[in-house]
Amino acid sequence: MILIICEKYRIARAVARSLKATTRLHFGVFTNKEITVAYVRKDFITLTPLSKMAEGRVPFVPAKYKMQVTDKTTDRRLRRLFRTAKEVVFASGEGAEAQARFFTLCRHFRVGQPTSRMWLTQLDHEAIKPIFAKREKGRVLHYLAQCGLVANGMEMLFDYNFSRVLDRWYYEGKSLTRQEAVAISLLGEIDKEHERTANNRQQYYITIEAAGLNLASDQTWETADECAAILEAIKTGTTVKARMTVSETTDPKLSPHIMTTLQMDAFDNLGWMPTQTIAVATRLYERGLITSPYTDNPQRGIMPLQPLPHRASGNERALYDMIAHRIEATTIQPATRQYATYKVEIDGMTFSRKWEITEPQAQYAGTTEQECVIEAKAVVPYTHGRLYPLNFSTFLYNLRRLANINPSIHAGMPYNRYDHEWGTVIEGLEQKGFIAIDGDGNIHLTSEGKRLTIDLEPYDLMFELGGDRFNPGAILLGHTTGRKLISAFEQWITETVGDILKYVPKEDNQAAAVQESDTFPDTFPAQSEK
């Protein structure tokens, strides 16, 4: 008998029907003479919380991570199934964390039989049969499980130890995940850059009117007097040489949605936070209406499979239409754009202007040498660009780039939630009061968030946690092992938290945060639906 494990009842029922396992043994267990499909909850086996093991010690790293079974009745029923199975198959559309749970399940039941994986990229009846026939085996599944186990272990260590750090720093009852620490540190860097820009001294540049264009100097000067002296040497009515270059670019071709772009699109167009997007997408997937949303491969992006039934909810219809329209947009030929750059050089100084040609023509492309007459000149104060507001979708895009995501080692593998669920990270920071998202979708640090970035700054968590050093994906690529990676993280968390506990934030940090709250308020009007 082949035993197939599913983590959701709806998925177990769909797999059982497709493989004709129609006899119901217990709730969530379906069988025939050759195949048994069993539903096992994700939390059937859980890690024992470190708070129960640490006895208040900080920093704390356990000598051994302990597991506990949450349902004894299910445990007894499953034990008989595992004992009689000749092969154990895991059927899921999720990535490393799901494979880690299956690995833990097999260890708990002491599985010595062969194991394999069904990549449930879609749940329609006709797709499940070939997915079962082509189920995957091999060492790659072990590496994927190790990736998930290490990610979960690091999450536990960081959550326990840093929640105690935040208590010491007067953020009572608050906690941070690793990804939230990366995100809040990045926001702190952006905020610092904004302050540096805002505090820069006033600068000036020179403009000239020539060929009907306003050309600006590439160089800037600190005083208007310096500009005025240079301006005297530029004579109006003088004929000078100019160069006009027209270049062409082609817009990137749209790909089907992946989870991250779906979250961005749903936020911008529907006003949805990432958790809602994931929930609605998961319902559509489990009903066999779209392919799995748990993908990070644009070549295997989210696509509609069946027409939406009339009984679908308004939210389901809105997201389904967005996915379908994206697929339609992928068939549109990308537009070719032309940009013109006009440059003039006077006494070693370059004056230029760039613009998009509204009606491009193939013959425009290239470079031409011209002459023009200087018609007017002026000194203009240079205003430094303000970095805020930072839009939700822009920040999510940059977070995902910061994660330095490595490609999966084969096309069928879905994403690893540790690397790709950055949308819910932003949402978590808002729920904890460290950031606020205004009605236009712009992100701002609250006063408490501002203070936290100041407190975290010396420890460079964005680099330590957002780079390759502790990236579980390195296990998949064969760059390290799970044991080496978790040992290195345990050493880092012990040293870092030990160092942090020697430091108590200064009162002037809190005062600076309160002053900053006058600029960035703690609350904004609720995000409006668009």
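Look a little higher up for the structure.
Owing to the predicted nature of the structure, the values given are computational and were not obtained by experimental measurement.

Rules and cut-offs
- Residues numbered from 1 in each chain as written.
- Predicted model: local features only at pLDDT ≥ 70, side-chain atom pairs only at ≥ 80, totals over all residues.
- Heavy atoms only, no water.
- 1 Å grid on protein atoms, 1.4 Å probe; cavity = no way out; pocket = protein on both sides within 12 Å on 5 of 7 lines; lining within 4 Å.
- Points joined across faces, edges and corners; volume = space filled by probe spheres on them.
- Helix = DSSP H or I, 4+ residues; strand = E, 2+ residues; numbered from the N terminus.
- Nonpolar A, V, L, I, M, F, W, Y, C, P; charged D, E, K, R; others polar.
- Pairing = 2+ DSSP bridges.
- Core = buried A, V, L, I, M, F, W, Y, C linked by side-chain atoms within 4.5 Å.
- Buried < 20%, exposed > 50% of the residue type's maximum accessible area, 1.4 Å probe, protein only.
- Contact = heavy atoms within 4.5 Å.
- Patch = residues over 30% accessible without salt bridge, like charges linked within 9 Å, V, L, I, M, F, W, Y side chains within 5 Å.
- Areas by Shrake-Rupley, 256 points an atom, 1.4 Å probe, with all protein chains shown as cover.
- Salt bridge = Lys/Arg side-chain N within 4 Å of Asp/Glu carboxyl O.
- Lys, Arg positive; Asp, Glu negative; His and termini not counted.
- Charge placed at Lys NZ, Arg CZ, Asp CG, Glu CD.
- Axes fitted to C-alpha atoms, helices over the stretch in contact; angles between N-to-C directions.
- Parallel < 35°, antiparallel > 145°, perpendicular 65-115°, else oblique.
- Left-handed = near helix turned anticlockwise from the far one by under 90°.

**Student:** When you look at empty space enclosed by the protein in this model, what are you seeing that I'm missing?
**Tutor:** Tallied over the entire structure, the rule returns 2 cavities of 30 Å³ or more. For the largest cavity, the calculated volume is near 90 Å³. In terms of residue count, helix α10 (residues 274-286) provides more of the lining of the largest cavity than any other element does, 3 residues in total. In terms of residue class, the lining of the largest cavity is made up of 4 nonpolar, 3 polar and 5 charged.

**Student:** Looking at this structure, how should I read the pairing of strand β9 (residues 203-210)?
**Tutor:** Two faces, one strand: in a regular strand the side chains alternate between the faces of the sheet. Pairing analysis gives 8 bridges linking β9 to strand β14 (residues 366-382), with the strands arranged antiparallel. Pairing of Q203 across the sheet is with Y382, part of β14. Linkage of β9 to strand β10 (residues 213-217), two consecutive antiparallel strands, is achieved through a turn of 2 residues, within which A211 is found at a positive phi near 55°.

**Student:** Please clarify how the nonpolar core should be interpreted in this entry.
**Tutor:** Nonpolar side chains in soluble globular proteins tend to end up buried together. The biggest cluster of nonpolar side chains holds 55 residues, and the ones touching the most others in it are F158, L176, I184, F395, I426, L465 and F489. With 9 residues, helix α6 (residues 139-168) is the largest single contributor of residues to this core. The residues touching F395, leaving out its near neighbours within four places in the chain, are A183, L186, L187, I190, L390, I426 and I443. I4, V37, I128 and I323 belong to the second largest nonpolar core, which has 39 residues in total.

**Student:** Looking at this structure, I do not really get a positive patch on the surface. What am I missing?
**Tutor:** On the surface, R24, R76, R77, R80 and R83 cluster together into a positively charged patch. For the positive patch, the element with the most residues is helix α3 (residues 72-84), which contributes 4 residues. Here R77 shows up in helix α3. Given a relative accessible area of 36%, R77 falls into the partly exposed group.

**Student:** Could you clarify how one ought to interpret the packing of α10 against helix α14 (residues 422-431) in this entry?
**Tutor:** Axis angle and axis distance: for two packed helices, these are the angle between their axes and the distance between the axes, and together they describe the pair. Taken N-terminus to C-terminus, the directions of α10 and α14 make an angle of 135°; their axes are 8 Å apart at the nearest point. In terms of orientation, α10 lies oblique with respect to α14. Of α14, the residues touching α10 (which contributes P274, T275 and I278) are G423, T424 and E427. Among the residues forming the contact of α10 with α14, the class breakdown is 2 nonpolar, 3 polar and 1 charged.

**Student:** Would you take a moment to explain the packing of helix α12 (residues 392-402) against α14 for this structure?
**Tutor:** At their nearest, the axes of α12 and α14 sit 9 Å apart, and the two run at 125° to each other. Our classification of the angle between α12 and α14 gives oblique. Judged by the sense of rotation from one axis to the other, the crossing of α12 with α14 is right-handed. Contact residues: α12 offers F392, F395, L396, L399 and R400, while α14 offers W422, G423 and I426. Here the residues of the contact of α12 with α14 are counted per class, giving 6 nonpolar, 1 polar and 1 charged.

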